[in-house]
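# Residue-level structure breakdown
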Amino acid sequence: MKPSDHQTIATYNLFGEAGDLPDVVHCETIEARSRLHDWEFAPHRHARLHQVLYIQNGQGHASLDGKRCELTPSTFVNVPTGVVHGFTFDNGTQGQVITLATESLDETLHSAEGLTAFLNRPFSRPATPDISQTVAQIATVFASRPFARAQILRASCALLLGYIAQAAFHADISGNPIAKPALLARFEALIEQHFLDQWSVSDYANALAVTSTHLSRITKSATGRPASHLIEERIVREARRNLVYTNLPVSTIAYSLGYEDPAYFSRVFSRATGLSPRDFRQRAMSKR
């Protein structure tokens, strides 16, 4: 799909028009939905859903916020809420798609433990035996109606999220071991919740019960960038998504991101990427 095909990035809800998830989790085979779409899914995102795909056999590739990832047997893909993603599978690819409502993650995850920051990153990695076995257990229990089904599914999904966060922590998605301060992880989780609200550094610091100076000191020590840059990076990332996957005017994108002055937004974007929004869009279109 080209940006000119859409006014907005397609946002889907797998569970119809109802606002609530009708089950603890949704689990289906890759084949069940893929064969209806010729094994290809154009870029889209889910507003309130977090997905984990496990490829058991077969192959293909995924696009995660524009980054291409090769899919091979025994790999998994973490697709956080709001991430623009698309898939192309070889005919006959086997595996599972685990879908969780964001409310389920909110209930399961404890902010102080810092898992959310890792789970909010889109990535693909080889599946550990723990991940493979947990996905298989979820699929088996989901398809049956045993006593205590809901409790087992909740516990199994919590376990799966833990293993995925653990994989991201140990590899940092790029293969580099990391150790992240808990305050930074909580800050990143808050950014995901409020970056569209144009919160300032002081707003985040107040929510975290620290001073703005202390927050920026922690972020700069861990990432080399002050807190204000991390906030701006998240906004710019959302702007990049909209410029690549929609044909919305730059001014409309600016307003949707909380900017009252589109010209100021363009300056922020240019400073962050080295390209104006229009130039960025044209370059992205030429590569598609």
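Everything in this summary refers to the structure shown in the same document.

Calculation rules
Per chain, residues are indexed from 1 in the order of the written sequence. Under the rules for a predicted model, residues below a pLDDT of 70 receive no local features and side-chain atom pairs below 80 are neither given nor counted, while totals for whole chains, interfaces and linings still include all residues. Each side-chain value is derived from all of the structure's non-hydrogen atoms; neither hydrogens nor water enter the calculation. We call a residue buried when its accessible area falls under 20% of the maximum for its residue type, exposed when it is over 50%, and partly exposed in between, using a 1.4 Å probe and counting protein chains only. In this text, helices come from DSSP runs of H or I with a minimum length of four residues, and strands from runs of E with a minimum of two, each type numbered from the N-terminal end. Two strands make a pair as long as DSSP finds a minimum of two bridges between them. Whenever a helix is involved, its axis is fitted only over the stretch in contact; in every case the axis is a line through C-alpha atoms, and angles between N-to-C directions fall within 0 to 180 degrees. Under the pairing criterion, centres of Phe, Tyr and Trp rings, with the six-membered ring standing for Trp, must be within 6.5 Å; the plane angle then separates stacked pairs below 30 degrees from edge-to-face pairs above 60, leaving the rest tilted. Criterion for a charge above a ring: Arg CZ or Lys NZ at most 6 Å from the ring centre, at most 35 degrees from the ring normal. Here a crossing is taken to be left-handed if its near helix is turned anticlockwise relative to the far helix by less than a right angle, and right-handed if that turn runs clockwise. Only heavy atoms enter the contact rule, under which two residues are in contact if any of them lie within 4.5 Å. The classification used treats Ala, Val, Leu, Ile, Met, Phe, Trp, Tyr, Cys and Pro as nonpolar, Asp, Glu, Lys and Arg as charged, and all other residues, Gly among them, as polar. Roughly parallel here means an angle under 35 degrees, roughly antiparallel means over 145, roughly perpendicular means 65 to 115, and every remaining angle is called oblique. Here, nonpolar core refers to any group of buried Ala, Val, Leu, Ile, Met, Phe, Trp, Tyr and Cys residues whose side-chain atoms link them within 4.5 Å.

## Things to note about the pairing of strand β3 (residues 49-57)
Taken across its nine residues, β3 has seven buried, putting it largely inside the fold. Where β3 meets strand β8 (residues 94-101), eight bridges bridge the pair, whose relative direction is antiparallel. Considered in β8, the bridge of I55 is made with G95. Pairing geometry for β3 and strand β6 (residues 75-79), over five bridges, is antiparallel. The partner of Q51 across the bridge, within β6, is V79.

## A word on the environment of D279
Position of D279 relative to the elements: it lies in helix α12 (residues 277-286). What makes D279 partly exposed here is its relative accessible area of 40%. Spatially, the C-alpha atom of D279 lies 10.0 Å from that of L243, the residues being 36 residues apart in sequence.

## Quick look at the sheet that holds strand β9 (residues 123-126)
Hydrogen bonding along the main chain pairs the strands of a sheet, whether they run parallel or antiparallel. Here five strands make up an open sheet; going across it, the order is β1-β8-β3-β6-β9 and the pairing antiparallel. One side of each edge strand has no neighbouring strand; the edge strands of this open sheet are β1 (26-29) and β9. In this sheet, adjacent strand axes meet at a mean angle of 15 degrees when their direction is disregarded.

## Regarding the packing of aromatic side chains
Inspection of the entire model under this criterion finds nine aromatic pairs. Both rings, one in F269 and one in F280, keep their centres 5.4 Å apart while their planes meet at 75 degrees; by these two values the pair is edge-to-face. Placement of F269 in helix α11 (residues 262-273) and of F280 in helix α12 is noted, with a sequence separation of 11 residues between them. Both residues of the pair, F269 and F280, belong to the buried class. By way of ring pairs, the aromatic residues Y259, Y264, F265, F269 and F280 are connected into one cluster. It is R234 that lies over the ring of F195; its NZ or CZ is 4.0 Å from the centre.

## A word on the packing of helix α6 (residues 182-194) against helix α9 (residues 227-245)
Two packed helices can be described by the angle between their axes and the distance between those axes. Interaxial distance between α6 and α9 falls to 10 Å at its minimum, and their mutual angle equals 40 degrees. The way α6 lies across α9 gives a crossing that is right-handed. Only A227, L230, I231, R234 and R237 of α9 make contact with α6, whose side of the interface consists of L184, F187, I191 and E192. In terms of residue class, the contact of α6 with α9 is built from six nonpolar, no polar and three charged.

## Considerations on the packing of α6 against helix α7 (residues 201-208)
Close contact between α6 and α7 brings their axes to 10 Å; oriented N to C, the two are set at 120 degrees. Put simply, α6 runs oblique to α7. Between α6 and α7 the crossing geometry is right-handed. Residues L183, R186, F187, L190, I191 and H194 of α6 pack against Y204, A207 and L208 of α7. Class assignment of the residues belonging to the contact of α6 with α7 gives a composition of seven nonpolar, one polar and one charged.

## Here's the deal with the nonpolar core
If you look at the biggest cluster of nonpolar residues, it comprises 33 residues, and the most contacted ones within it are F187, Y204, L215 and F265. For this core, the secondary structure elements donating two or more residues are α6, α7, α9, α10 (250-256), α11 and α12. With nine residues, the top contributor of residues to this core is α9. Setting aside residues up to four positions removed in sequence, F187 forms contacts with Y204, L208, L215, T219, A227, L230 and I231. Ranked by size, the runner-up nonpolar core spans 28 residues in total, among them I98, L119, A127 and I131.

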